[in-house]
Amino acid sequence: VRIVLADDEQKVRSALRLLLQELMKDPAGAWCEGPCLIVDAAATEAVVRELKEEMVDLLLLDWELPGMGASELIGKVRELSPGCVVIAMSGRPEAARDALARGADAFVSKNEPPDRLVSTLRQRVRV
Amino acid sequence: VRLSLPRSLTIRSRLLLYFVGIVALTAAAISSVTLVLVSHDARDRVVGQLQSVATLKQQEVDSWIGGLGLNLDIVLSGEDIPADLHTLTVAVSGSQAYDSAYSHALRRLTWASERMGLFEELFFMGPKGGVLLSTTRGHERQKLGMNDYFIQGMKREFIQEPSYSLSLQEMTVVASCPVTYRDVRIGVLAGRANLDSLNTLMIGRAGLGQTGETYLVGSNHRLLTALRRPGYSVPDTYVRTTGADAAVDDNVSGSATYQGYAGDIVIGVYRWIPRLQVALMAEQGAAEALHTTRLALWTTGGVAALSVVLAILAGTFLIHGIVRPLSELGDTAGRIAAGELDLTANVKREDEIGKLAQAFNRMTGQLRDLVRSLEKQTHHLRAINEAGRQISSILDLDELLPYVARSLLRTFDYESVRILLLAEHGSGRLYSCGRDACEEAAEVGLDDLDRLPAVASVAQSGEPLLRSSHAAAGETDDGRIPQTEVQDEPSEIAVPIRVGDNLAGVLDITSRGSHPLDEQDLFTARTLADQLAIAVENARLYQHAHELAASKERQRLARDLHDAVSQTLFSVSVIAEVLPRIYERDHEQGRQRLEELRQLTRGALAEMRTLLLELRPAALAEAELPDLLRQLGEAVMGRSLIPIDVQVDTSLEIPAEVRVALYRIAQEALNNVAKHSGADHGTVGLHDCGDNRRPALELVVEDDGSGFDPDVVRSGSLGLGIMTERADAIGARLQIESRPEEGTCVHVVWHPDASFITSQRSLPVAT
């Protein structure tokens, strides 16, 4: 299972990695089955590189990620990893409508408590 | 020959010159013609008179000469005289016959000499020239056979020319005639006459004035008769004048004007009398002879000169009469040209000059009206311009509109100025100014404008309105502004303020009394209304721009908050979400995560403070640079998780603008460290450097990150341009050293004295 954390802030990627790792260890619900690989990407180019390398199952995408436009990136995701679940994240709640319209599977505001992200991950993704 | 006068000559001088020239020429011509005619005539007259006198005298001389011969004849005609004389020639001296004849003849001659008074001496010469008998005893026995009067006297009657007799010591004339006895020439009877009688004859007056005289000149130029002038005695005077020379030398008669014997100019007539071999001279001094003529000529000349003077005076007066009004007109024109438009030419005449002056005054009047009209227009345009300037500089309508109203009132002395600004929904804002003061702007409903019918009308129709108190009623042609005449009410202008096709308001002006509103005011009002429309539009746009700017500023702050704080807080909350479970499972890892959390929250706090500084720029200028740098370091550390070491060691007093500039440079450099360097570590240093003589402050921002190639990176990117500008503004030296994979070092050195100079020209505390 491959998960890509796409965010230009290293501290955000680091925090998200910690969260995902904890989710995997959660005995209550087996969120991720089998070996799980978490990859960082600081820019859209890095995301595309990972997509081309191997299929990606989950993409946590910062909506303001520097690089190419979001809709173009989602297009590439759909093309290279058709089964990939894309969860868009942004500090701007108004980006939700845009993100969903452009093909993201879910949207999580960074201004909300992490419960929302956790429930979204549990709900939408069963890797 | 072209006679041209200098251009600079005035008309007065020209006219005078021509006038005097003509008069003087005429006078001179008349005078000279008169002079020539009169003097010629006068001379002829004098010569004629002299000729008459000369003829008279000549006749007298001729008669005197004739008298000489006649007297000799008379002596001889006595009885027995030829016989007695014959006896003297033939008888022996001492004989009775001789003595008888001698005494008889002597008695006879003596008697004749005394009785006739003509001859001084009568004597008889024998056939051989010996004097046989003489009334002067001592002369007998003289031999005179060689004398002309004997030789000629033997042939016929002869008169010898006057000559000086040494024996008698006087001028004498000898007349002789042959004595015939019984048809035989027995001798010559001669008489010696002195010239006294001739002298008397010549001196006798003949009506020739004071200087006129007649005299005789002998063939050897000797003066024969006395002169009236003293100092010239006979026989010691010789006369050599042109007249005497002509008569004596050339034996001609005539007349001439020449230098007389005394040296003065005379008019003379000369006659040669061949019988006596003398010249008869009749002369008169030219001065006296022509005196009357001269007097007449002088009188003529004087009259001519007088008439010239009179003509000049009359001409001057006449020219003065023509030129003075002209030059006055010229002066007036000059003063009018200099700006005294109220002047009129004061010429009270009905002639051409009077008409010229009237035309001139009419022209000046027109000019005055034109200038006043222009002045009024200029006045209006200036007011419009002034209002336009204010309109472009004042953006607040509540400030601008009362100002424009006051300005109009002040400039044009209007009664009142009102500006109605239309708002939506049938309401408006009314700015109202009277002579004394301006009212506060008031919100009005369009239905409440009953007391301002003109404003209401224009607000309704959108058409301008001119209500003139003196305009003729009923003159409302198509397309013209409707005008209504209302007595005893102020004239009023109301014009719409239009923004595009929309009616934005109404400008209303009233005027009372001596300032009735006219088309010019209408023009001003319409122009101002157009400018006010611009002002209204400007104010609206400004408001819009202001709101837009505020919105943009809010967006920027929101973005900064998101970039700086939200991300950190998101990370913090995510870590905090899982931290309890991690800690439960693994204490050590939990403590690490806790430390991470601490750093992140400190960073977020520093970011918040940094953002607050951006919200209150004044706080930035007040804060100390070391505190600011530490705060920056923490913020960057919190944001990027790159440890930033901040080292501050300075005791220098740093001016506010330098603090701000160095802060901005450090902020920009640290942004680069956080965003682009990927460094493991960064440092910020602030140190004193230099020496006592030239203290300096050094700011160093350094990292061990990826670096860049200064030759490739554009100077404007990575905030390098901003950093350079900031450094230049305080006179600091900025140096950036970087190489790929070898980190970056931003190095700023500032000298207090340099900053002082350059800060003078920098903007006040740019933040």
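In short, a report on the structure. What you are looking at is a predicted structure, and each value in this text was computed from that prediction instead of being measured. (Residues numbered from 1 in each chain as written. Chains lettered and ligands numbered in written order. Predicted model: local features only at pLDDT ≥ 70, side-chain atom pairs only at ≥ 80, totals over all residues. Heavy atoms only, no water.)

### Remarks on the packing of aromatic side chains
Residue and element names in this part refer to chain B.
Part 1 of the argument: This structure, assessed with the given rule, holds five aromatic pairs over all chains.
Part 2 of the argument: Geometrically, the ring pair formed by Phe123 and Tyr149 is edge-to-face, given 6.0 Å between the ring centres and 75° between the ring planes. One end of the pair, Phe123, is in strand β1 (residues 121-125); the other, Tyr149, is in helix α4 (residues 148-151), and 26 residues separate them in sequence.
Part 3 of the argument: Residue classification places Tyr149 among the buried positions, given a relative accessible area of 5%.
Part 4 of the argument: Of the aromatic side chains, those joined through ring pairs into one cluster are Tyr215, Tyr232 and Tyr261. (Phe/Tyr/Trp six-rings, centres within 6.5 Å; stacked < 30°, edge-to-face > 60°. Helix = DSSP H or I, 4+ residues; strand = E, 2+ residues; numbered from the N terminus. Buried < 20%, exposed > 50% of the residue type's maximum accessible area, 1.4 Å probe, protein only.)

### Description of helix α3 (residues 70-80) of chain A
Residues and elements named next belong to chain A.
Part 1 of the argument: Three or more residues of α3 are buried, namely Leu73, Ile74 and Val77. Down the axis of α3, the buried set is contained in an arc of 100°. They therefore lie on one face.
Part 2 of the argument: Close packing links the buried residues of α3 with α2 (44-53), β3 (58-62) and β4 (85-90). (Arc of directions from axis to C-beta. Contact = heavy atoms within 4.5 Å.)

### A short note on the sheet that holds strand β3 (residues 158-165) of chain B
Residue and element names in this part refer to chain B.
Part 1 of the argument: Across the sheet, five strands lie side by side as β2-β1-β5-β4-β3; this open sheet has antiparallel pairing. On the outer flanks of this sheet lie β2 (131-134) and β3, each paired with one strand and no other. With strand direction ignored, the average angle separating the axes of adjacent strands in the sheet is 25°.
Part 2 of the argument: Direction of pairing for β1 relative to β2: antiparallel, over a ladder of three bridges. Among the inter-strand pairings, Met125 is bridged to a residue of β2, identified as Val131.
Part 3 of the argument: Against the sheet, helix α2 (residues 81-90) contacts β1, β2, β4 (170-181) and β5 (184-194), and its axis sits at roughly 90° relative to β4. (Pairing = 2+ DSSP bridges. Axes fitted to C-alpha atoms, helices over the stretch in contact; angles between N-to-C directions.)

### A look at the side chain of B:Asp703
All names here are of chain B.
Part 1 of the argument: Tracing the backbone through its elements, the reader meets Asp703 in strand β18 (residues 695-703).
Part 2 of the argument: Residue class for Asp703 comes out buried when judged on its relative accessible area of 12%.
Part 3 of the argument: At a separation of 2.7 Å, a polar atom in the side chain of Asp703 contacts the main-chain amide nitrogen of Gly705.
Part 4 of the argument: Dropping the residues within four chain positions of it, Asp703 is found in contact with Val673, Ser677, Ala679, His681, Gly682, Gly743 and Thr744. (Polar contact = N/O pair within 3.5 Å; in protein donor to acceptor, adjacent residues only side chain to side chain.)

### Focus: the nonpolar core
Residue and element names in this part refer to chain B.
Part 1 of the argument: One finds Trp64, Leu68, Leu85, Leu133, Leu189 and Leu276 to be the most contacted residues of the largest nonpolar core, which totals 55 residues.
Part 2 of the argument: When residues in this core are grouped by element, the largest group, 13 residues, is from helix α1 (residues 11-77).
Part 3 of the argument: When residues no more than four places from it in sequence are discounted, the contact partners of Leu133 are Leu85, Leu88, Tyr102, Ala105, Leu106, Leu109, Leu122, Phe123, Phe124 and Glu140.
Part 4 of the argument: Within the second largest apolar cluster, 38 residues are counted, among which are Leu620, Leu662, Ala727 and Val748. (Core = buried A, V, L, I, M, F, W, Y, C linked by side-chain atoms within 4.5 Å.)

### Structural notes on the packing of α1(B) against helix α3 (residues 96-116) of chain B
Residues and elements named next belong to chain B.
Part 1 of the argument: Taken N-terminus to C-terminus, the directions of α1 and α3 make an angle of 145°; their axes are 10 Å apart at the nearest point. Pair α1 / α3 crosses with right-handed handedness. Touching Asn71, Ile74, Val75 and Ser77 of α1 are Arg108, Leu109, Ala112 and Met116, all from α3.
Part 2 of the argument: Classifying every residue of the contact of α1 with α3 by side-chain character gives five nonpolar, two polar and one charged. (Left-handed = near helix turned anticlockwise from the far one by under 90°. Nonpolar A, V, L, I, M, F, W, Y, C, P; charged D, E, K, R; others polar.)

### A short note on the sheet that holds strand β5 (residues 106-109) of chain A
Residues and elements named next belong to chain A.
Part 1 of the argument: Read from one edge of the open sheet, five strands run β2-β1-β3-β4-β5, paired in parallel fashion. Taken across any chain shown, the strands that pair with only one partner, and hence form the sheet edges, are β2 (37-41) and β5. The average undirected angle you get between the axes of adjacent strands in this sheet is 20°.
Part 2 of the argument: Pairing of β3 with β4 involves five bridges; the strand directions are parallel. Pairing of Leu61 across the sheet is with Ala88, part of β4.
Part 3 of the argument: In the packing of helix α1 (residues 10-25) onto the sheet, contacts are made with β1 (2-6), β2, β3 and β4, and the angle to β2 comes to roughly 170°.

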